[in-house]
Amino acid sequence: MSQLALDLRPLRLEDFVGQTHLVGQGKPLTVMAGLGQISSMIFWGPPGVGKTTLARILANSLSREFIELSAVAAGKADIKKIIDTTRQQKNLSESYEAPVVFLDEIHRFNKLQQDYLLPHVENKTIILIGATTENPSFEVISALLSRTKVFVLERLSETDLSQIIDQATGYLQKKLKIKITVVKSARDWLIQYANGDARKIIGLIETTFELYQNLKLESLQKTLTAQALKYDKSADEHYNTISAFIKSMRASNTNAALYYLARMVEGGEDPKFIARRMVIFASEDIGLAVPTALVVANAVFEAVHKVGYPEAGINLAHGVAYLCSCKKDRSAYNAWRSAQADALKYGNLPIPLELRNAPTKLMEDLQYGQGYTMYSGKKSLLPDKIRSHQYLKK
């Protein structure tokens, strides 16, 4: 996090920008803080919307110790150390209250690591606040979800981002004792660039001012293009790399596919994101040529979910080498897309009477279900309007 972002970080809920459905008079987090109560929870939302800041404010408002961890670097041993220290403190003083453990990117914890958290969350040895950009329904085990409250954070609005621009420039003006102007074109461009992420705005403002001592549109754009190219999960390089990865597997080029896999792994990409793309690839590009490819891809997904980094890289590499070696057949995928196109183009065409369910006497009288046999041979079974359409080419 940039120094300017740290300097601007609010210390009270009253100063927090955005998330008005959670923060404000009568809103859940404000009520919780007002009652002096806090329970384990998960903040789910995109980057740069205040997940860490809200957790810190809640802990401070209740005078709780705040321990910040990242699931990318932390593991079971780190949690165990916190638990042991907490128990020691509790033995020394009965008035000692459970610390707030903030676990960023909680979706990076594998199943075993999440399982380890369970008893300590349940007996309130710690108050867990997890943060994730991924849907917790898929990334957090159900047992842990049942013991936490999920709060959904939204992308910051243009009004929120404009307020943050004012805060950043106001702080710099006061600190440096100079006037800083942000014209409308520069402000609008900053807001579009940020795409709801406060950190992106603050970081670019700080760097641009360090380089050019102004926040003109041209200076902001120069700073952005001059920044070192790196793998960023939210930027173009993310999409370019996954595209190169998929296309290399499609071309059965194991060498290139492993290289792009390595770039993603070393760049910190979520292994489950990579594995999900492999599951899709197994049906889309291999399909009927090697039906068991889907089984292998699913096994890779399950493996990385259980194992986590760094060993999950081995599981991914194993799967990639296998998928590259498979014959490719997109006929099932192409058939699906053709059927989709017809469904969208023609809408709800009348289903042939012989295929309709006939649970009542009236429906039988209307000939619902008549003429259908399990072995309909070469019958189309499609609605009349598209009876001749053939999706899977044989």
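Treat the numbers as computed from the prediction; the structure is a model and nothing was measured.

Q: Help me out: how do you make sense of the overall build of the protein chain in this one?
A: The helix and strand inventory of the protein chain stands at 18 helices and five strands. For 394 residues, the compact-globule estimate of 2.2 N^0.38 gives 21 Å, and the protein chain exceeds it by more than 25% at 27 Å. Counting only C-alpha atoms and orienting by the principal axes, one finds that the protein chain spans roughly 85 × 60 × 50 Å. Across the 394 residues of the protein chain, 43% fall into the buried class. Across the protein chain, every contact between residues at least 6 apart in sequence was considered, and the portion connecting residues at least 24 apart equals 72%. Accessible surface, the protein chain as shown: approximately 21900 Å² in total, 54% of it carbon and sulfur.

Q: What am I meant to see in helix 5 (residues 111–122) here?
A: One full turn of an α-helix is made of 3.6 residues, so residues set three or four places apart face in the same direction. The first and last C-alpha atoms of helix 5 sit 17 Å apart over 12 residues, in line with the 16 Å expected at 1.5 Å per residue. Every buried residue of helix 5 is listed here: Gln113, Gln114, Tyr116, Leu117, Leu118, His120 and Val121. On the buried face of helix 5, the contacting elements are helix 4 (76–92), strand 3 (100–104), strand 4 (127–132), helix 6 (136–139) and helix 7 (142–145). Looking at where helix 5 begins, the residue whose side-chain oxygen comes 3.1 Å from the main-chain nitrogen of leucine 112 is asparagine 110. Just downstream of helix 5, lysine 124 is the residue with a positive phi angle, here 60°.

Q: So what exactly am I meant to see when it comes to a nonpolar patch on the surface here?
A: Residues Ile351, Leu355 and Tyr372 make up a contiguous nonpolar surface patch of roughly 270 Å² in combined accessible area. Within the element layout of this structure, isoleucine 351 appears in the loop between helix 17 (331–346) and helix 18 (361–365). Exposure remark for isoleucine 351: the relative accessible area of 48% places this residue in the partly exposed category.

Q: Could you clarify how one ought to interpret the packing of helix 8 (residues 158–176) against helix 10 (residues 198–212) in this entry?
A: If you want to describe how two helices pack, look at the angle between their axes and the distance between the axes. Relative orientation of the contacting elements helix 8 and helix 10 amounts to 30°, with a least axis distance of 10 Å. The handedness of the crossing between helix 8 and helix 10 comes out as right-handed. Between helix 8 and helix 10, the residues in contact are Leu161, Ile164, Ile165, Ala168, Leu172 and Leu176 and Ala198, Ile201, Ile202, Ile205 and Phe209, respectively. Across the contact of helix 8 with helix 10, the residue classes tally to 11 nonpolar, no polar and no charged.

Q: Explain the packing of aromatic side chains here, please?
A: Aromatic rings considered in pairs are described by the distance between their centres and by the relative angle of their planes. Overall, the coordinates contain four aromatic pairs when judged by the stated rule. With a centroid separation of 5.0 Å and 65° between ring planes, the pair formed by tyrosine 259 and tyrosine 260 is classed as edge-to-face. Exposure remark for tyrosine 259: the relative accessible area of 46% places this residue in the partly exposed category. Since its relative accessible area comes to 23%, tyrosine 260 is described here as partly exposed. The ring centre of phenylalanine 151 lies 5.8 Å from the NZ or CZ of lysine 149, which sits over that ring.

Q: Any chance you could explain the pattern of salt bridges here in plain terms?
A: Here the idea is simple: oppositely charged side chains can pair when their charged atoms come close. Inspection of every chain in the model, using the stated rule, returns 20 salt bridges. Residues glutamate 139 and arginine 276 are paired through a salt bridge, measuring 3.0 Å at the closest nitrogen-oxygen approach. Of this pair, glutamate 139 sits in helix 6 while arginine 276 sits in helix 14 (residues 271–286); the two residues are 137 residues apart in sequence, bridging distant segments of the chain. Of the residues examined, glutamate 139 reaches a relative accessible area of 4% and is grouped as buried. Judged by relative accessible area, arginine 276 falls into the partly exposed class, the value being 28%. With a shortest N-O distance of 3.5 Å, glutamate 218 and lysine 222 are connected by a salt bridge. Residue glutamate 218 and its partner lysine 222 are both found in helix 11 (residues 217–226); the two are separated by four residues, about one turn of the helix. Take glutamate 218: its relative accessible area is 51%, and that puts it in the exposed class. Ionic contacts of the salt-bridge type, sharing partners, join the residues Glu134, Glu139, Asp270, Lys272 and Arg276 into one network.

Q: Is there a simple way to explain the sheet that holds strand 1 (residues 41–44) in this structure?
A: The strands making up a sheet associate through backbone hydrogen bonding, with each pair oriented either parallel or antiparallel. Judged by pairing direction, the sheet is parallel, and its five strands sit side by side in the order 2-3-4-1-5 without closing on themselves. Two strands close off the open sheet at either side, each with one partner strand: strand 2 (66–70) and strand 5 (149–152). Direction aside, the axes of adjacent strands within the sheet are offset by 20° on average. Contacts from helix 3 (residues 51–61) reach strand 1, strand 2, strand 3 and strand 4, with the element oriented near 160° to strand 2.

Q: I would appreciate a short explanation of the nonpolar core in the present structure.
A: Most often, soluble globular proteins have nonpolar side chains that are buried together. Counting 50 residues, the largest nonpolar core has Leu29, Ile38, Met41, Phe43 and Ile205 as the members making the most contacts within it. Counting residues per element, this core draws most heavily on helix 10, which supplies six residues. Those residues in contact with phenylalanine 43 that sit more than four places away from it in its chain are Leu29, Lys51, Leu54, Ala55, Leu58, Ile129, Gly130, Ala131, Thr132, Phe151 and Leu153. Counting 26 residues, the second-largest nonpolar core is a separate cluster that includes Phe245, Leu261, Ala297 and Cys326.

Basis of the calculations
Residues numbered from 1 in each chain as written. Predicted model: local features only at pLDDT ≥ 70, side-chain atom pairs only at ≥ 80, totals over all residues. Heavy atoms only, no water. Helix = DSSP H or I, 4+ residues; strand = E, 2+ residues; numbered from the N terminus. Rg over C-alpha atoms; globule rule 2.2 N^0.38 Å. Buried < 20%, exposed > 50% of the residue type's maximum accessible area, 1.4 Å probe, protein only. Contact = heavy atoms within 4.5 Å. Areas by Shrake-Rupley, 256 points an atom, 1.4 Å probe, with all protein chains shown as cover. Expected span 1.5 Å × (residues − 1). Polar contact = N/O pair within 3.5 Å; in protein donor to acceptor, adjacent residues only side chain to side chain. Patch = residues over 30% accessible without salt bridge, like charges linked within 9 Å, V, L, I, M, F, W, Y side chains within 5 Å. Salt bridge = Lys/Arg side-chain N within 4 Å of Asp/Glu carboxyl O. Axes fitted to C-alpha atoms, helices over the stretch in contact; angles between N-to-C directions. Left-handed = near helix turned anticlockwise from the far one by under 90°. Nonpolar A, V, L, I, M, F, W, Y, C, P; charged D, E, K, R; others polar. Phe/Tyr/Trp six-rings, centres within 6.5 Å; stacked < 30°, edge-to-face > 60°. Lys NZ or Arg CZ within 6 Å of the ring centre and 35° of its normal. Pairing = 2+ DSSP bridges. Core = buried A, V, L, I, M, F, W, Y, C linked by side-chain atoms within 4.5 Å.

What is shown is where atoms sit, not what they do.
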